Amino acid sequence: MTDLLLTGIGQLVTNDSDRDGLLGLVTDAAVAVKGGRVAWAGPESELLKEFRELPELDCSGRAVIPGFVDSHTHLVFAGDRSDEFAQRLRGDSYEEILAAGGGIHSTVAATRAEKTNLLLNGAVHRAKRMLGMGTTTVEVKSGYGLDLQTEIRMLEVARAISDHLAIDVVRTFLGAHVVPAEYSDDRAGYVRLVIEQMLPAAAGHADFCDVFCDDGAFTVDEAREILTVAARHGMKARLHANQLGHSGGAALAAEIGAASADHLDHVTQDDLARLAATGTAAVVFPSVSLSMRIDPPPARQLWDAGVSVAIATDCNPGTSYVENMQLVVGLATLTAGLTPEEALWAATRGGATALQLADKGHVTPGAVADLLMLEADTYLEIPYRPGTDLVRMVIKDGEPVVS
Ligand code: NIG
Ligand code: FE
């Protein structure tokens, strides 16, 4: 674990709620890191003597922000769906392609058939690009196995990513992604398989359990049952909710106190109020709307209703093959109505909140020292220059890992 002193920070985003403004900005700042954690952050003029001995990294006036927390991805998969993407651009709908046995089903077939080392290889390559663009923590779901063996294999692959890269992985079991083809005449049988065999096996391999609760996937009652049993196995709930229609998933997330409700493209005022009241975070995906050519997610409405908002890539081969959280920050402002400071918060502290990681997404004493030095003197350049990689250096647990 590394000790480090960052000096000459032109603008520091702390996300410290005890400082002014949402981002708790400090100008002409320094950050002291001891044992991989933030020991002190503030104006450099106030730096205590005890930290002056630490190995110094001069940021030469550049901005420093917390590492991105990408709180929702489907990073482990095999196969290629670029043809399906082109098919959608020609006018076919996601739901039609899925119902015809394509979409998620085609990724399931490819993932089941892939050797474990090649699955890992693909995931590590994607995670490496993510890390290079500033993502220091990534949530990774199963959900392209839909059989006991492949679901567990996916979770093991997800864990192994951090053997190869300095990126933290949070794992989510998504055995209830869709009903696989071989159970198309027996959905109750598949729900039993998930509950009786997959959940006990996934326990210990995942922190969270997710269910795709939507038209063409699982009903509210099925999702409630699966998530209730998952809780007994130590997995906290999150939901793919109200992505394709008014599925009732958002209300279910609030009812069971899920950690997050994700997507939420079709929510009512009542859903917003319920999420705000229970403290369930909302994770929304401006890049999915872009790829699906639909209206942007209701990030503004969620924020105004008092819901804790996160933005994430949803990186997957179908609805958003996007790895870059900087682009997501840009899209959240340019399409989904967040201000630059809200979008940056949602990509960092908001993501950590959705994953219930209290010591990430902020730069305050005790926090994990995951920091990004930008090739810019203000965080504003991120949404201002969408698509440009502005991360000059990635610092993970206090150690420069990419520059
Ligand atoms: O988050 N909506 C469900 N799951 C993914 C898409 C998965 C896929 O199309 O492969 C999503 O959008
Ligand atoms: Fe997703």
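Right above here is the structure, for reference.
Model, not experiment: these values are computed from the prediction. (Residues numbered from 1 in each chain as written. Chains lettered and ligands numbered in written order. Predicted model: local features only at pLDDT ≥ 70, side-chain atom pairs only at ≥ 80, totals over all residues. Heavy atoms only, no water.)

Caption draft 1: Fine view of the site of ligand 1. The immediate surroundings of ligand 1 are formed by 15 residues, with R81, Y94, Y144, Q243 and T319 found nearest. Here R81 contributes a side-chain N or O atom positioned 2.7 Å from an oxygen atom of ligand 1. Within the side chain of H177, one N or O atom sits 2.8 Å away from a nitrogen atom of ligand 1. Look at ligand 1: alone it shows 330 Å² of surface, and the protein chains cover 100% of it. (Near = heavy atom within 4 Å. Polar contact = N/O pair within 3.5 Å; in protein donor to acceptor, adjacent residues only side chain to side chain. Areas by Shrake-Rupley, 256 points an atom, 1.4 Å probe, with all protein chains shown as cover.)

Caption draft 2: Structural detail: the coordination of the iron ion (ligand 2). Taken together, the protein donors to the iron ion (ligand 2) comprise H72 (NE2), H74 (NE2), H240 (NE2) and D314 (OD), at separations of 2.1 to 2.3 Å. The buried category is assigned to H74, whose relative accessible area is 2%. (Donors = N, O, S within 2.8 Å, 3.2 Å for Na, K, Ca; no water. Buried < 20%, exposed > 50% of the residue type's maximum accessible area, 1.4 Å probe, protein only.)

Caption draft 3: Inspection of the side chain of R88 at higher detail. Positionally, R88 belongs in helix α1 (residues 82-89). Put simply, R88 is tucked away with no salt bridge, and the nearest opposite charge, on E84, sits 4.2 Å away. Here G318 takes part through its backbone oxygen, which lies 2.8 Å from a polar atom of the side chain of R88. Contacts of R88, omitting those with residues within four sequence positions, involve Y94, I97, S291, M292, R293, G318 and T319. (Helix = DSSP H or I, 4+ residues; strand = E, 2+ residues; numbered from the N terminus. Lys, Arg positive; Asp, Glu negative; His and termini not counted. Salt bridge = Lys/Arg side-chain N within 4 Å of Asp/Glu carboxyl O. Contact = heavy atoms within 4.5 Å.)

Caption draft 4: Quick peek at the pairing of strand β5 (residues 63-66). When strand β1 (residues 4-12) meets β5, the two strands line up parallel, connected through two bridges. Within the sheet, the bridge partner assigned to Q11 lies in β5 and is A63. Bridging between β5 and strand β14 (residues 371-374) involves three bridges; their strand directions are antiparallel. Paired with P66 across the strands is L371, a residue of β14. (Pairing = 2+ DSSP bridges.)

Caption draft 5: Here's a closer look at the sheet that holds strand β12 (residues 281-284). Judged by pairing direction, the sheet is parallel, and its eight strands sit side by side in the order β6-β7-β8-β9-β10-β11-β12-β13 without closing on themselves. Each edge of the open sheet is held by one strand with a lone partner, namely β6 (68-70) and β13 (309-311). Ignoring which end each strand starts from, the neighbouring axes of this sheet average 25° apart. Strands in contact with helix α6 (residues 187-202) are β8 (168-176) and β9 (208-213); relative to β8, the strand with the most contacts, it is inclined by about 155°. (Axes fitted to C-alpha atoms, helices over the stretch in contact; angles between N-to-C directions.)

Caption draft 6: Just the environment of V394, in detail. In this fold, V394 is placed in strand β15 (residues 391-396). If sequence neighbours within four positions are ignored, V394 has contacts with L131, G132, G134, T136, L371, L372, E399, P400, V401 and V402.

Caption draft 7: Layout of unusual backbone geometry. Phi angles above zero are rare outside glycine, and H263 is one such case at about 90°. The topology assignment puts H263 in strand β11 (residues 260-263). One non-glycine residue, L264, lies in the positive phi region at around 60°. Along the chain, L264 turns up in the loop between β11 and α9 (269-278). Note on L264: relative accessible area 0%, which makes it buried.

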